[in-house]
Amino acid sequence: MEHRRNAGLETWLMYIFLIGSTIAVLYPIFMMLMSGFKTNAEIFGAPFSLPKSLNLDNYKTIWTTTDVPRYLLNSAIVTIISVALLLVTGTMAAYAISRYKFRGAIMVSMFFLAGLMLPLRLAIIPLFVQMKSMGLVDNLLGLIFIYTAMSLPSTVFILSGFLRALPGELEDSARVDGASELRIMVEIMVPLITPALVIAGIYNAVPIWNDFFFPLIFIQTPENRTLAQGLTTFFGEYSVNFGVLYAGLTLAALPIVVVFIIQSRRFIAGMTAGAIK
Amino acid sequence: MQSTDYESVRRARTRNLKLWLALLLTPAALLLIVFVFIPMGSAVLYSLYEWDGLARKGYVGLANFSDILFDPVRNKVLFHAFWNNVKVFVTLMIIQNGYALVLAMLLARNPRGYRFYQVVFFLPVILSTVIVSFQWKLFLNPVFGLVNKALIAVGLESWAVPWLGLPETALPAMMLVNAWHWFGFPTLVFLAAIHRIPTDFIEAARLDGASEWRIAREIIWPLMAPAVTIIVVLTFIGSFNWFEIPYVMNGLEGSPQGSTDMLGLLFYRTAFGSISAGGSDFGHGSALAVLMFIFIFVFSILATKYLTSREVEMN
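Small disclaimer: the values here were computed from a predicted structure and weren't measured.

A. Structural detail: the overall build of chain B. Secondary structure summary: chain B contains 14 helices and two strands in total. Here the C-alpha atoms of chain B give a radius of gyration of 26 Å, more than 25% beyond the 20 Å that 2.2 N^0.38 yields for 315 residues. Projected onto the principal axes, the alpha-carbon positions of chain B cover approximately 100 × 70 × 35 Å. Counting only residues that meet the buried cut, chain B has 50% of its 315 residues in that class. Of all intrachain contacts in chain B linking residues separated by at least 6 positions in sequence, the fraction that spans at least 24 positions is 65%. With the model as given, the accessible surface of chain B reaches about 15100 Å², and the carbon-plus-sulfur share is 68%. Computing the positive centroid from 22 side-chain charges and the negative centroid from 19, chain B places the two 7 Å apart.

Here it is, written out as structure tokens:
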């Protein structure tokens, strides 16, 4: 009896803890969403009540009078091109390292792995000088190159693990049939590591989409700002209109939250890929 | 005749293979060299010179380093910021990772809604730090903010202080925001580690009548040591590179009264200039970056070594 009552209490405590944590996460996000439909007067007068109506005025203000849509577009461009470039160049390098025996192969993979330990933020000064001389300051292309380069080590690391595990018979039989190395890679081997490409893509896409530091240093003109950086400008301009600010945050969070909810399993697997062996 | 033919085909094939490998490796290697390795190497070089804006002046040896470490004015700011980073690391280890550990242990018992909790706890992790910082800056606003409105509503008027405006409360508030933002990450890393422990270990202990607390402390905790190592090192790196939350919530100067100043902010001010630091100073900025890199690198290696040796011992 004693034991049973104890177990019951433990279960109760467990659910109180889990549900409490859930509320602590969801309630602030819910309040952000709701406050975006409110006017300043409502936010001040009735902060916790639901909005009187699903009033979209704040969103209209954002869409028509601010640069937030532009920031969203820029972030999408930078993220999509960086991840595409990253997966293509990363797959090529990982393929060479893991599917061929050649002199210096170990040196080459060490070279890629060394990049894992270098925090590029701390090299921002020389990087700035270099980007300036290359004409890549205040240029989305500059961000794309930086993001691709700094994400390559982890990508090569993740992909070569998967590529190495593929059986050699597959390519041998294709080779006997006279298929070219390129065809073997593109048509036989790479399709087999699609799950790894998704993991490596998410692992790097989320931090690229969310990044604030590199645009802060490299982007100057409003048309080139990305989302995270652009929000600081937006907050400066609308600092007294709380409804618009909440709506702006909701809008900024929306794309990644939607993708996350649809693909939560892959996101969790992808983002924890570096920390789970 | 036959054999030389074969030989030449083979040679051509090897040559082609070399070309093929070079083709595969060059784009990635080039990107990495130009945008990561050259800048990282140059940072060391830059720290040995005096700079005037973008122009490099004379070679000064280690003078920039000794200025930062021993000049009375600079040294005070540096150690003040460093001490704040230490506070952040220690606090996050306790409130963020400690909380995550408890949640992971609970989730490992497979409660109803197991998947749902995982998705919810991970939701703040995927949000941009800038969004999270601004969201909580609005919530913590002394007049309009929901936090103080809630405190007043439940009769705690005296608690409704300007959280980000007081030197005693600004840093704790920011650390709580960081914990809200990130706790889902260690939770799911710990959970994955617990799931790798063979279930018969835990089942056997349970059959022997061991309490849940004993199972957690004597079986799960030692066997999840590798995950703990990773989280400690990642939290350390994150704490000593802490930048976005203090920057967005209280600005570049670490206000109020330097109570939220961090090495990351100091580095930015030194490198690119600010009200308090004056114009941009690439020499001292680079020296600070090199020092931070060495410190983080050495600590990470030592911590990994120490924590890994603990793993082996317990297994």
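Here the narrative resumes.
B. Structural detail: the confidence of the model for chain A. Taken over all residues, the pLDDT of chain A has a mean of 92, while the share at 70 or more is 97%. Confidence over residues 1–5 of chain A falls short of pLDDT 50; this stretch has zero contacts with residues more than four positions distant or in other chains.

C. Local environment of the domain arrangement of chain B. All names here are of chain B. Looking at the assigned domains, one finds that chain B contains domain 1 (2–46) and domain 2 (64–314). A separation of 41 Å is found between the C-alpha centroids of domain 1 and domain 2. Taken residue by residue, the interface counts four residues in domain 1 and four residues in domain 2. Note on domain 1 versus domain 2: buried area summed over both sides is about 320 Å², and carbon and sulfur give 74% of it. Linking domain 1 with domain 2 are zero residue pairs in polar contact (both at pLDDT 80 or more). Here the residues of the side of domain 1 that touches domain 2 are counted per class, giving four nonpolar, no polar and no charged.

D. The packing of aromatic side chains, seen in detail. Within this structure, the stated rule accounts for 45 aromatic pairs over all chains. In this structure, Arg121 of chain A packs its charged tip against the face of Phe213 of chain A, placed 4.6 Å from the ring centre. Lying across the ring of Tyr49 of chain B, Arg56 of chain B places its NZ or CZ 4.2 Å from the centre.

Calculation notes
- One numbering rule holds for all chains: residues counted from 1, following each sequence as written.
- For naming, the first written chain is A and the first written ligand is 1, with later ones following in the order written.
- Totals for whole chains, interfaces and linings use all residues, but because this is a predicted model, local features are given only for residues with pLDDT of at least 70 and pairs of side-chain atoms are given and counted only at 80 or more.
- Derived side-chain values reflect all non-hydrogen atoms in the structure, with water molecules and hydrogen atoms excluded from consideration.
- A run of DSSP states H or I qualifies as a helix once it reaches four residues; a run of E qualifies as a strand once it reaches two. Both are numbered from the N-terminal end.
- As defined in this context, the radius of gyration uses C-alpha atoms, and a globule is described by 2.2 Å times the residue total to the power 0.38.
- In this scheme, a residue with accessible area under 20% of its type's maximum is buried, one over 50% is exposed, and one in between is partly exposed, where area comes from a 1.4 Å probe on protein chains only.
- In what follows, a contact means two residues having at least one pair of non-hydrogen atoms within 4.5 Å.
- The method behind every accessible area is Shrake-Rupley, applied with a 1.4 Å probe, and residues are considered shielded solely by the protein chains displayed.
- Asp and Glu are treated as the negative residues and Lys and Arg as the positive ones, with His and the ends of the chain left uncounted.
- Charge coordinates come from a single atom per side chain, which is NZ of Lys, CZ of Arg, CG of Asp or CD of Glu.
- The pLDDT value expresses, per residue, how confident the predictor is, ranging between 0 and 100.
- Annotation comment: domain bounds sourced from an automatic or database domain assignment.
- Summed over both partners, the accessible surface that disappears when two parts come together, traced with a 1.4 Å probe, is what is meant by buried area.
- Polar contacts, as used here, are pairs of N or O atoms within 3.5 Å; protein pairs need one atom able to donate a hydrogen and one able to accept it. Residues neighboring in sequence count only if both atoms are side-chain atoms.
- Classes in brief: Ala, Val, Leu, Ile, Met, Phe, Trp, Tyr, Cys and Pro nonpolar; Asp, Glu, Lys and Arg charged; the others, Gly included, polar.
- Only the six-membered ring of Trp is used, alongside the rings of Phe and Tyr, when aromatic pairs are assigned; centres must lie within 6.5 Å, and planes under 30 degrees apart are stacked while those over 60 apart are edge-to-face, with the rest tilted.
- Charge-over-ring contacts are defined here by two conditions on Lys NZ or Arg CZ: a distance within 6 Å of the ring centre and an angle within 35 degrees of the ring normal.

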